[in-house]
Amino acid sequence: MERITGAEALMRALEHENVDVLFGYPGGSIMPTYDALYDHKKTLNHILVRHEQGAVHAAQGYARVSGKVGCAIVTSGPGATNTITGIADAMIDSTPIVVICGQVGVAMLGTDAFQEVDVVGVTSPITKWSYQIRRAEDVAWAVARAFYIAKSGRPGPVVLDFAKNAQTSMVDYQPAKADFIRSYEPDPDLNEDQIRQAAKMINDSVKPFVLVGQGVELGNAREELKAFLEKADLPCGTTFLGLSAIESDHRLNKGILGMHGNLGPNVMTNQCDLLIAVGMRFDDRVTGNLQTYARQAKIIHFDIDRSEFNKNVKVDLAVHGDCKKTLAAVTALLDQTTHTAWIDGFKPYEEKEYNKVIDKALHPKEGALLMGEVIRKVSEATNNEAILVTDVGQNQLFACRYFKFTKPRSIVTSGGLGTMGFAIPAAIGATFGAPHRTVCMFCGDGGMQMTIQELGTIMEQGAPVKMILLNNNYLGNVRQWQEMFFQRRYSFTPMVNPDYELIAKGYGIPAKTVVERKDLDAAIQEMLQTAGPYLLQCAIKEDDNVLPMTPPGANVNEMLLEC
């Protein structure tokens with residue numbers, strides 16, 4: 001065994017975990033680690049972000065498209081607290097990341113030392129595991145355990161708080177491996193009774209409906225899902241995070257669930273006789289009023305996290321396990337059948353929504369540009385094969401509705417936390433996680449300014465993010481709610497914006513602004529054909545609203561098709 005510093009041990013432990021990219025920002029309490037990193041630049045590609053929040057969102061984007069654990073490294077105090085939003089975001093959206101924070105030396109803990117914050121205390125409620133490394137001897141063990149916890153079971157964030165003395169102390173380094181933790185059950189055994197009951201309930205149903213969540217993607221169960229749906233002819237709807245778990249144009253994919261989803265899936269949720277949830281958590285934006293949600297149906301819930309069972313919606317059968325295994329096991333027991341009449345029942349709602357909403361959103365005859373038409377044109381120009389990264393707000397809702405998906409791991413958006421400013425750094429991470437794919441990022445003028453400093457990271461790295469700024473000079477989603485529910489009292493939602501095109505060019509990023517519809521197609525082609533990053537700003541109709549919409553607190557099937 002070689003005797004090395006704790007900081008050097010961290011580098012070797014990360015390499016042992018096959019980490020290839022780190023997103024970070026140096027500072028005083030993490031400086032010994034950055035000094036060690038200097039000698040590992042060929043194996044650990046460090047991406048210098050412009051703000052620590054950006055490091056965590058970039059790690060999220062990397063993780064979501066690659067299927068690997070994202071990694072961020074920051075200093076103590078404000079460096080660590082700047083990561084909190086991203087850590088919370090990763091927790092609620094089940095994104096596997098490891099965040100390494102510097103910390104003052106053990107002798108200084110509790111003295112209110114310069115840039116001291118109780119990182120473990122702050123992050124414990126929003127992580128799968130938060131641990132303070134106080135000795136160099138614990139580095140290899142802690143790193144192995146951190147990556148195992150982050151990526152196993154239901155994935156999520158882990159924080160390692162790395163005391164400065166542990167970074168500088170010497171240790172006889174030996175790699176560690178973690179594949180078992182007492183009382184932690186990341187991969188539960190199949191329960192044969194649950195499998196048989198699920199198959200019988202599905203075989204007996206006349207009007208089954210499947211809710212597809214991100215758990216399918218996290219479990220690499222896309223093919224298992226498709227076999228499950230196709231054998232028993234089961235129509236499905238998806239959550240936002242589950243959008244690319246099945247092709248957009250698959251005949252059994254009936255659209256998006258929830259507040260801004262499609263009319264058919266929401267109405268039919270309250271008409272089915274069996275609701276089958278796979279890898280989703282019955283978020284309030286999906287269910288609407290819980291008192292009336294699918295009351296007529298029996299409910300089966302497939303999930304790897306037993307804490308989700310009966311948390312929001314009481315179910316008739318919980319199938320606990322990795323959906324890659326549970327779906328395959330149930331599929332083997334399913335009857336080969338059809339549900340033609342039931343599936344045809346979606347068509348009137350699809351036609352109604354198309355005529356009242358979709359056709360107007362995608363094919364406007366005149367007036368200012370609409371978000372829907374811009375998004376669909378970008379999607380089609382990439383042959384519907386690009387990775388979609390969104391910010392939060394109308395840009396997100398329109399993008400999820402009108403972007404189309406053909407490949408897995410193609411949606412990167414902030415679902416549960418709804419973090420404005422997510423898009424730019426997450427898109428940077430996505431370009432490193434899937435370097436051979438096109439990354440299209442949609443952002444509003446509000447979210448753009450929250451992490452606009454990460455244009456500096458894009459500039460330095462040449463990260464080929466295709467940024468589409470949907471600029472309506474409003475905090476658009478809040479404005480829509482003010483229009484619909486607050487008597488058009490637009491309190492602090494109009495935005496006075498800078499010259500985004502000029503800012504982009506200041507960072508050396510090619511940019512163009514489109515105002516007229518006739519110029520849109522050519523601008524999209526120029527963006528996609530330009531090597532490296534590009535900013536395409538589109539001047540959007542100010543009162544463009546996302547419809548349909550289930551009003552807050554309403555029944556899931558009470559969707560408004562017009563304001």
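Residues numbered from 1 in each chain as written. Predicted model: local features only at pLDDT ≥ 70, side-chain atom pairs only at ≥ 80, totals over all residues. Heavy atoms only, no water.

## So, the overall build of the protein
Heads up, the condition is: Every helix listed is a DSSP run of H or I at least four residues long, and every strand listed is a run of E at least two residues long, numbered separately from the N terminus. For this measure, only C-alpha atoms enter the radius of gyration; the expected value for a globule follows 2.2 Å times N^0.38, where N is the number of residues. With a 1.4 Å probe rolled over the protein chains alone, any residue whose accessible area is under 20% of its type maximum counts as buried; one over 50% counts as exposed, and the rest are partly exposed. Note on contacts: a residue pair qualifies if any of its non-hydrogen atoms lie within 4.5 Å across the two residues. Surface accessibility follows the Shrake-Rupley procedure with a 1.4 Å probe radius. Residue values consider only the protein chains on display as shielding. Under the convention used here, Asp and Glu are negative, Lys and Arg are positive, and both His and the chain ends fall outside the count. To locate a charge, the coordinates of NZ of Lys, CZ of Arg, CG of Asp or CD of Glu are taken.
Assigned secondary structure in the protein consists of 24 helices and 20 strands. Relative to a compact globule of 563 residues, whose C-alpha radius of gyration would be 24 Å, the protein shows 24 Å and is just as compact. On the principal axes, the C-alpha backbone points of the protein span a range of 70 × 60 × 40 Å. Across the 563 residues that make up the protein, the buried fraction comes to 59%. Restricting to contacts in the protein with at least 6 residues of sequence separation, those with at least 24 account for 76%. Total accessible area computed for the protein in this model is approximately 22,200 Å², and 50% of it derives from carbon and sulfur atoms. Charge-centre separation for the protein: the mean point of 54 positive side chains lies 3 Å from the mean point of 65 negative side chains.

## Structural notes on the domain arrangement of the protein
We apply this condition: Note: domain ranges come from an automatic or database domain assignment. Buried area counts how much accessible surface, traced with a 1.4 Å probe, disappears from two parts once they are put together, with both parts' losses summed. Each salt bridge in this description consists of a side-chain nitrogen of Lys or Arg and a carboxyl oxygen of Asp or Glu lying within 4 Å of one another. Polar here means any residue other than Ala, Val, Leu, Ile, Met, Phe, Trp, Tyr, Cys and Pro, which are nonpolar, and Asp, Glu, Lys and Arg, which are charged; Gly is therefore polar.
Considered domain by domain, the protein is made up of domain 1 (2-173), domain 2 (192-347) and domain 3 (368-539). Between domain 2 and domain 3, a total of about 1,500 Å² is buried, with carbon and sulfur atoms accounting for 57% of that surface. The largest contributions to the domain 2 side of the interface with domain 3 come from Phe240, Leu241 and His260, which together make up 33% of the buried area. Across the contact surface, domain 2 and domain 3 share one salt bridge. Lys404 serves as the salt-bridge partner of Asp249, at 2.8 Å between the closest nitrogen and oxygen. Among the residues forming the side of domain 2 that touches domain 3, the class breakdown is six nonpolar, six polar and six charged.

## Comments concerning the packing of aromatic side chains
The criterion, for reference: Any pair of Phe, Tyr and Trp rings, taking the six-membered ring for Trp, is counted once the centres come within 6.5 Å. Such a pair is stacked with planes under 30 degrees apart, edge-to-face with planes over 60 apart, and tilted for the rest. Think of it as a cone above the ring: NZ of Lys or CZ of Arg counts as a charge over the ring if it is within 6 Å of the ring centre and within 35 degrees of the ring normal.
Counted by the stated rule, this structure contains 15 aromatic pairs. Measuring from centroid to centroid gives 5.3 Å for Tyr131 and Trp141, while their planes differ by 70 degrees, and the two rings are edge-to-face. Of this pair, Tyr131 sits in strand β6 (residues 129-133) while Trp141 is found in helix α7 (residues 139-151), placing the two residues ten residues apart along the sequence. The class for Tyr131 is partly exposed, based on a relative accessible area of 22%. Arranged with centres 6.1 Å apart and planes meeting at 70 degrees, the rings of Tyr474 and Tyr490 form a pair that is edge-to-face. Linking Tyr474 in the loop between β18 (465-471) and α22 (476-485) with Tyr490 in the loop between α22 and α23 (500-506), this pair joins segments that are 16 residues apart in sequence. Connected via pairs of aromatic rings, a cluster forms that spans Phe23, Tyr62 and Phe432. Over the ring of Tyr38 we find Lys41; its NZ or CZ atom is 4.0 Å from the centre of that ring. Seen from the ring of Trp129, Arg145 lies directly overhead, with NZ or CZ sitting 5.0 Å from the centre.

## Things to note about the pairing of β6
Rules: Looking down the strands as they point away from the viewer, one classifies a crossover as right-handed if the path from the first strand across the helix to the second runs clockwise.
Of all five residues in β6, four are buried, a share of seventy percent or more. With respect to chirality, the unit in which β6 leads through α7 into the neighbouring parallel strand β7 (residues 157-163) is right-handed.

## Concerning the pairing of strand β15 (residues 387-390)
Put simply, the rule reads: When DSSP finds two or more bridges between two strands, those strands count as paired.
Across the two faces of β15 the burial is the same, with Ile387 and Val389 and Leu388 and Thr390 all buried. Two strands pair when backbone bridges link them, and β15 and strand β17 (residues 439-444) are joined in this way by four bridges, in the parallel orientation. When the bridges of β17 are listed, Val389 appears paired with Met441. Judged from the two bridges that link them, β15 and strand β16 (residues 411-412) form a sheet pairing that is parallel. In the sheet register, Val389 faces β16, and the bridge partner there is Val412. Following the backbone out of β15, through helix α18 (residues 394-402) and into the adjacent parallel β16, one traces a crossover that is right-handed.

## Regarding the sheet that holds strand β4 (residues 70-74)
Sheet strands pair by backbone hydrogen bonding; their relative direction is either parallel or antiparallel. Here is the rule we go by: Axes here refer to lines fitted to C-alpha atoms; in helices the fit is confined to the stretch in contact. Angles between the N-to-C directions go from 0 to 180 degrees.
An order of β3-β2-β4-β5-β7-β6 is seen for the six strands of this open sheet, with the pairing classed as parallel. Each having just a single partner strand, β3 (45-48) and β6 make up the two edges of the open sheet. Taking each pair of neighbouring strands and ignoring which way they run, the sheet shows an average axis angle of 20 degrees. Relative to β7, strand β5 (residues 97-103) is paired through seven bridges, and the arrangement is parallel. The residue of β7 that forms the bridge with Gln103 is Ala163.

## Concerning the packing of helix α11 (residues 222-232) against helix α14 (residues 323-332)
The line we're drawing: In what follows, roughly perpendicular refers to angles from 65 to 115 degrees, roughly parallel to angles under 35, roughly antiparallel to angles over 145, and oblique to any angle outside these ranges. Crossings are sorted by hand: turned counterclockwise from the far helix by less than a right angle, the near helix makes the crossing left-handed, and turned clockwise it makes it right-handed.
Between α11 and α14, the shortest axis-to-axis distance is 9 Å and the interhelical angle comes to 25 degrees. Relative to α14, α11 is oriented roughly parallel. The chirality of how α11 crosses α14 is left-handed. Residues Glu224, Leu225, Ala227, Phe228 and Lys231 of α11 pack against Lys324, Leu327, Ala328, Val330, Thr331 and Ala332 of α14.

## Examining α18
Most of α18 sits inside the fold, with nine of its nine residues counted as buried. Along α18, the residues that are buried comprise Gln394, Asn395, Gln396, Leu397, Phe398, Ala399, Cys400, Arg401 and Tyr402.

## Description of the environment of Ile503
Considering the arrangement of structural elements, one finds Ile503 in helix α23. Ile503 sits 48 residues away from Leu455 along the chain, and the two C-alpha atoms are 9.1 Å apart. Among residues more than four places away in sequence, those in contact with Ile503 are Ile452, Leu455 and Pro498.

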